[in-house]
There are 2 protein chains.
Amino acid sequence: MEEILRALSKTLRVFELGESEIKIYSLLQREALTPRQIAKTLGLSERIVREKLKHLLELGLVERTLVNRGWLGYVYYAKAPREALQALFSRLESTLKAIEKEGELKLKG
Amino acid sequence: MEEILRALSKTLRVFELGESEIKIYSLLQREALTPRQIAKTLGLSERIVREKLKHLLELGLVERTLVNRGWLGYVYYAKAPREALQALFSRLESTLKAIEKEGELKLKG
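First, a word on what this report is: a plain description of the structure on this page. Here the residue index of a chain counts from 1 through its sequence in written order. Chain letters start at A and ligand numbers start at 1, both assigned in the order the entries are written. Confidence filtering applies because this is a predicted model: local features only for residues at pLDDT of at least 70, side-chain atom pairs given and counted only at 80 or more, and all residues used for totals across whole chains, interfaces and linings. Calculation of side-chain values draws on the structure's entire complement of heavy atoms; hydrogens and water are dropped beforehand.

Let us now look at the relation of the copies chain B and chain A. We place the copies in one frame by least squares, fitting the C-alpha atoms of every residue whose pLDDT is at least 70 in both. Mapping chain B onto chain A calls for a screw motion: a turn of 180° about the axis and a shift of 0.0 Å along it, with 0.0 Å RMSD after fitting. Such a combination of rotation and displacement between the chain copies is what one expects of a two-fold axis. Relative to the rotation axis, the closest C-alpha in chain B is found at L12(B), a distance of 2.9 Å. Residues are treated as being in contact if the distance between any of their heavy atoms lies within 4.5 Å. The residues that chain B uses at the interface reappear at the interface of chain A in 100% of cases, marking a shared surface.

The structure is reproduced here in structure tokens:
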């Protein structure tokens, strides 16, 4: 049982968003930006912004596209709220279902 | 959208269990104990144990019963793993459904 509770807590933590991640998502709803531009606008380090973007990408809240503007790099943009919300919840629900099922099997076995 | 993401994160945090909460649950699976007994066994302060027990009660993982053994007080015990798991997941799922629904309404409105 402890193992199941640990797995659940770990999973929930993955889906939690910090205030700066929410701010980045909001900002990207208005315009597509590079990590450097985001960092400047929000007064965060670029390293932190890249970390947060990675998390937002994993959760399906933002997407990126490779552009060539003299330099080659990624520009990030936010997925439309409704689409993003649906993606996030369906991912969360299926992850929870998997833990629950595995948990029930473990408790039976 | 930010409001929805904040509500989601806050809710997920409520369902997260720390290592000491998991230990308390485990301990109570073996025997029913008072907060003081739990504190002694795990080397935690009684105040912390009471906080954690409150959280575990809210999540439906433990229950308590008032006993009179010369002193009057609560004795805590763990719900059976399968029952506890089902209660926890059904609570989590219904809370998430509510946020998702509210979120969708907000995004439509």
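Once the structure has been displayed, the description carries forward.
With that out of the way, let us pick up the packing of helix 2 (residues 19-30) of chain A against helix 4 (residues 46-58) of chain A. Residue and element names in this part refer to chain A. Running from N to C, helix 2 and helix 4 cross one another at 80°; their axes reach a closest spacing of 10 Å. Classified by the angle between their axes, helix 2 and helix 4 sit roughly perpendicular to one another. Listed contacts from helix 4 to S20, E21, I24, Y25 and L28 of helix 2 are V49, K52, L53, H55 and L56. Each residue is assigned to one of three groups, with Ala, Val, Leu, Ile, Met, Phe, Trp, Tyr, Cys and Pro labelled nonpolar, Asp, Glu, Lys and Arg labelled charged, and all others, Gly among them, labelled polar. Within the contact of helix 2 with helix 4, the residues separate by chemical class into six nonpolar, two polar and two charged. In this analysis, axes come from line fits to C-alpha atoms, helices being fitted only over the stretch in contact, and the angle between any two N-to-C directions falls in the range 0 to 180 degrees. We count a stretch as a helix when DSSP gives it H or I for four or more residues in a row; a strand needs E for two or more, and each element gets its number in order from the N terminus. The scheme is simple: roughly parallel for angles under 35 degrees, roughly antiparallel for over 145, roughly perpendicular for 65 to 115, oblique for anything else.

We define the nonpolar core as a collection of buried residues of types Ala, Val, Leu, Ile, Met, Phe, Trp, Tyr and Cys that are connected through side-chain atoms lying within 4.5 Å of one another. With a 1.4 Å probe rolled over the protein chains alone, any residue whose accessible area is under 20% of its type maximum counts as buried; one over 50% counts as exposed, and the rest are partly exposed. If you look at the biggest cluster of nonpolar residues, it comprises 60 residues, and the most contacted ones within it are L28(A), L61(A), L28(B) and L61(B). Other than its neighbours up to four places away in sequence, L28(B) contacts L33(B), I38(B), L53(B), V62(B), Y76(B), Y77(B) and A78(B).

Take the interface of chain B and chain A next. Taken together, the contact between chain B and chain A spans 35 residues of the former and 35 residues of the latter. Buried area counts how much accessible surface, traced with a 1.4 Å probe, disappears from two parts once they are put together, with both parts' losses summed. Approximately 3,300 Å² of surface area, both sides summed, lies buried where chain B meets chain A, with 70% of it carried by carbon and sulfur atoms. In what follows, salt bridge is the name for a side-chain nitrogen of Lys or Arg lying within 4 Å of a carboxyl oxygen of Asp or Glu. Taken together, the links from chain B to chain A amount to six salt bridges. Counted as a polar contact is a pair of N or O atoms within 3.5 Å, where, for protein atoms, one must be capable of donating a hydrogen and the other of accepting one, and residues adjacent in sequence contribute only when both atoms are in side chains. For the interface between chain B and chain A, the tally reads eight residue pairs in polar contact (both at pLDDT 80 or more).

The subject of this paragraph is the pairing of strand 2 (residues 72-78) of chain A. For a regular strand, side chains alternate in direction, first toward one face of the sheet and then toward the other. Residues and elements named next belong to chain A. A pair of strands is treated as paired once DSSP finds two or more bridges between them. As defined by bridge partners, strand 1 (residues 62-68) adjoins strand 2 across seven bridges and the pair is classed as antiparallel. Among the inter-strand pairings, E63 is bridged to a residue of strand 2, identified as Y77. In textbook terms, the turn of a hairpin is the stretch between consecutive antiparallel strands, and for strand 1 and strand 2 this stretch comprises three residues, one of which, G70, has a positive phi near 90°.

A word on helix 3 (residues 35-42) of chain A. Residues and elements named next belong to chain A. Within helix 3 the residues assigned to the buried category are P35, I38 and A39. Axial view of helix 3: buried residues confined to an arc of 100°, hence all on one face. Exposed residues on helix 3 whose side chains face more than 90 degrees from its buried face are R36, K40 and T41. Taken together, the buried residues of helix 3 touch helix 2, helix 4 and strand 2. Think of the arc as the fan of directions from the helix axis to the C-beta atoms.

Applying the stated criterion across every chain, the model contains 18 salt bridges over all chains. In this structure, the salt-bridge partner of E19(B) is R6(A), at a minimum N-O distance of 2.7 Å. Here E19(B), found in helix 2 (residues 19-30), pairs with R6(A), found in helix 1 (residues 2-15), and the two come from separate chains. Note on E19(B): relative accessible area 37%, which makes it partly exposed. Taking the shortest distance from any N to any O, the salt bridge between E93(B) and K97(A) comes out at 3.5 Å. Placement of E93(B) in helix 5 (residues 81-108) and of K97(A) in helix 5 (residues 81-108) is noted, with the two residues assigned to different chains. Overall, K97(A) belongs to the partly exposed group, its relative accessible area being 48%.

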